[in-house]
Amino acid sequence: RGAFGKPYGTAARVKIGQVLISIRTKDEKVQIAAEALRRAKFKFAGRQKVHISSKMGFTKFSKDDYNKWKSMGRVTPDGIGVQWLSSRGPL
């Protein structure tokens, strides 16, 4: 009965509070994306939350800070994230 046979499918072990899906979107499309994630969470077992972040994309900076640092040239885009350029110069 499959006790030591072939696996029936694949499963992921997730911890409580672990992020399952992250998406980036424009500000005017946030409500559409939140609704899409709300519908997608019914496909997962257990209880999920849809959280709208105050950060810019997948960076650690808030949207206001990101725009301020980008205008000053302190952050440079690096794929899906950014690189922080210190005021101290290269090491």
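Residues numbered from 1 in each chain as written. Predicted model: local features only at pLDDT ≥ 70, side-chain atom pairs only at ≥ 80, totals over all residues. Heavy atoms only, no water.

Caption draft 1: Representation of the overall build of the protein chain in the model. Check the secondary structure of the protein chain and you find 2 helices and 2 strands. Counting from the amino terminus, the protein chain carries its helices and strands in the arrangement α-α-β-β. Radius of gyration (C-alpha) of the protein chain: 19 Å, far over the 12 Å computed for a compact globule of 91 residues. Projected onto the principal axes, the alpha-carbon positions of the protein chain cover approximately 65 × 35 × 20 Å. Among the 91 residues that make up the protein chain, the fraction classed as buried is 11%. Of the contacts formed within the protein chain by residues at least 6 apart in sequence, a portion of 14% connects residues at least 24 apart. (Helix = DSSP H or I, 4+ residues; strand = E, 2+ residues; numbered from the N terminus. Rg over C-alpha atoms; globule rule 2.2 N^0.38 Å. Buried < 20%, exposed > 50% of the residue type's maximum accessible area, 1.4 Å probe, protein only. Contact = heavy atoms within 4.5 Å.)

Caption draft 2: Quick look at a nonpolar patch on the surface. On the surface, Val 14, Leu 20, Ile 21, Ile 23 and Phe 44 cluster together to form a nonpolar patch covering roughly 420 Å² of accessible area. A relative accessible area of 40% means that Ile 21 is categorised as partly exposed. (Patch = residues over 30% accessible without salt bridge, like charges linked within 9 Å, V, L, I, M, F, W, Y side chains within 5 Å. Areas by Shrake-Rupley, 256 points an atom, 1.4 Å probe, with all protein chains shown as cover. Salt bridge = Lys/Arg side-chain N within 4 Å of Asp/Glu carboxyl O.)

Caption draft 3: How the structure looks around the side chain of Arg 74. Checked against the element boundaries, Arg 74 lands in the loop between helix H2 (63-72) and strand S1 (75-78). One buried charged side chain, Arg 74, makes no salt bridge at all; its nearest oppositely charged neighbour is Asp 65, positioned 11 Å away. Those residues in contact with Arg 74 that lie beyond four places of it in its chain are Trp 69, Gln 83, Trp 84, Leu 85, Ser 86 and Ser 87. (Lys, Arg positive; Asp, Glu negative; His and termini not counted.)

Caption draft 4: Structural view of the layout of surface pockets. Space inside the largest pocket adds up to approximately 1400 Å³. Lining the largest pocket we find 41 residues, and of these Val 19, Ile 21, Ser 22, Leu 37 and His 51 sit closest to its centre. The set of elements that each furnish at least two residues to the lining of the largest pocket consists of helix H1 (30-40), H2 and strand S2 (81-84). Tallying contributions element by element places H1 first for the lining of the largest pocket, with 5 residues. Its residues assigned to classes, the lining of the largest pocket comprises 21 nonpolar, 11 polar and 9 charged. (1 Å grid on protein atoms, 1.4 Å probe; cavity = no way out; pocket = protein on both sides within 12 Å on 5 of 7 lines; lining within 4 Å. Points joined across faces, edges and corners; volume = space filled by probe spheres on them. Nonpolar A, V, L, I, M, F, W, Y, C, P; charged D, E, K, R; others polar.)

Caption draft 5: Fine view of the side chain of Thr 59. As for its position among the elements, Thr 59 is in the loop between H1 and H2. The exposure class of Thr 59 is buried, given its relative accessible area of 14%. Only 2.5 Å separates the side chain of Thr 59 from the backbone oxygen of Met 56, close enough to count as a polar contact. For Thr 59, the side chain forms a polar contact with the main-chain nitrogen of Phe 61, separated by 3.4 Å. Residue contacts for Thr 59: discarding those within four places in its chain leaves Gly 81 and Val 82. (Polar contact = N/O pair within 3.5 Å; in protein donor to acceptor, adjacent residues only side chain to side chain.)

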